[in-house]
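Summary of the model geometry
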Amino acid sequence: MTRHAFRSELRRMSCVVSTEGFEGAKRWVVAKGAPEAMERTLRKPLPRGYKRGHKSLAARGYRVIALCAKRVPEDKDVSAVKAMRREECECDLDFIGFAVFACPTKPTSAPAIGVLAESSHVSVLITGDALLTACHVAAEVGITNRQSTVLLEASESGGEWQWATRSEERRV
């Protein structure tokens, strides 16, 4: 019925859909995106284990997408539903679950990075993945060999930047 396309700066997308079932037609807002981005769209309080869950999966190298939804009030007519703005769709959502994808690195990646390092080349990883996923991949292919990678990330309030260890055991 309505589609709000993925936007990289928001790291999410949403659609308004109509479903037919035993209970008749129902309309839903369905949304997906980076767990950190979807967190701001969820009803509060957050589900137990939400942050720990997606961070744990990302730290093991998985690509994680948060799936969310909410019912559209039945009293909204079709034209009002089709006119729903993104801001109206992407708020007060219910968390449905995580879609988790394994994307193994190519077997030739680590040896190629090794050859580059031996020839005094510096390798960097540029990705749109979550920071913890990127750290896992960088360690897996030999871009980093440090036990404790330090990340620069936005604070919970979104205004300040701070340093944190990968395991988040301490703030540096």
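Another point: the packing of aromatic side chains. Centre-to-centre distance and the angle between the planes together describe a pair of aromatic rings. The full count for this structure, using the stated rule, is three aromatic pairs. Residues Y50 and F98 carry aromatic rings whose centres are separated by 5.3 Å and whose planes lie at 40° to one another, so their mutual orientation is tilted. Separated by 48 residues along the polypeptide, Y50 in helix α2 (residues 50-59) and F98 in strand β5 (residues 94-101) bring together distant segments of the chain. Assessed through its relative accessible area of 2%, Y50 is described here as buried. An aromatic cluster of three or more residues is present, and its members are Y50, F95 and F98. A cation sits over an aromatic face here: R71 above W28, 5.4 Å from the ring centre.

Quick look at the sheet that holds strand β4 (residues 63-71) now. Overall, antiparallel pairing links the five strands, which are arranged β1-β2-β3-β4-β5 in an open sheet. The open sheet has two free edges, formed respectively by β1 (2-7) and β5, since each of these has just one partner strand. Neighbour-to-neighbour, the strand axes of this sheet turn through a mean angle of 25°, independent of strand direction. Sheet topology note: the β1/strand β2 (residues 12-21) ladder contains four bridges and is antiparallel. Residue T2 lies in a different strand from β2, and its bridge partner there is V16. Across the face of the sheet, α2 comes into contact with β4 and β5 while running at roughly 10° to β5.

Calculation criteria
- Residues numbered from 1 in each chain as written.
- Predicted model: local features only at pLDDT ≥ 70, side-chain atom pairs only at ≥ 80, totals over all residues.
- Heavy atoms only, no water.
- Phe/Tyr/Trp six-rings, centres within 6.5 Å; stacked < 30°, edge-to-face > 60°.
- Helix = DSSP H or I, 4+ residues; strand = E, 2+ residues; numbered from the N terminus.
- Buried < 20%, exposed > 50% of the residue type's maximum accessible area, 1.4 Å probe, protein only.
- Lys NZ or Arg CZ within 6 Å of the ring centre and 35° of its normal.
- Pairing = 2+ DSSP bridges.
- Axes fitted to C-alpha atoms, helices over the stretch in contact; angles between N-to-C directions.
- Contact = heavy atoms within 4.5 Å.

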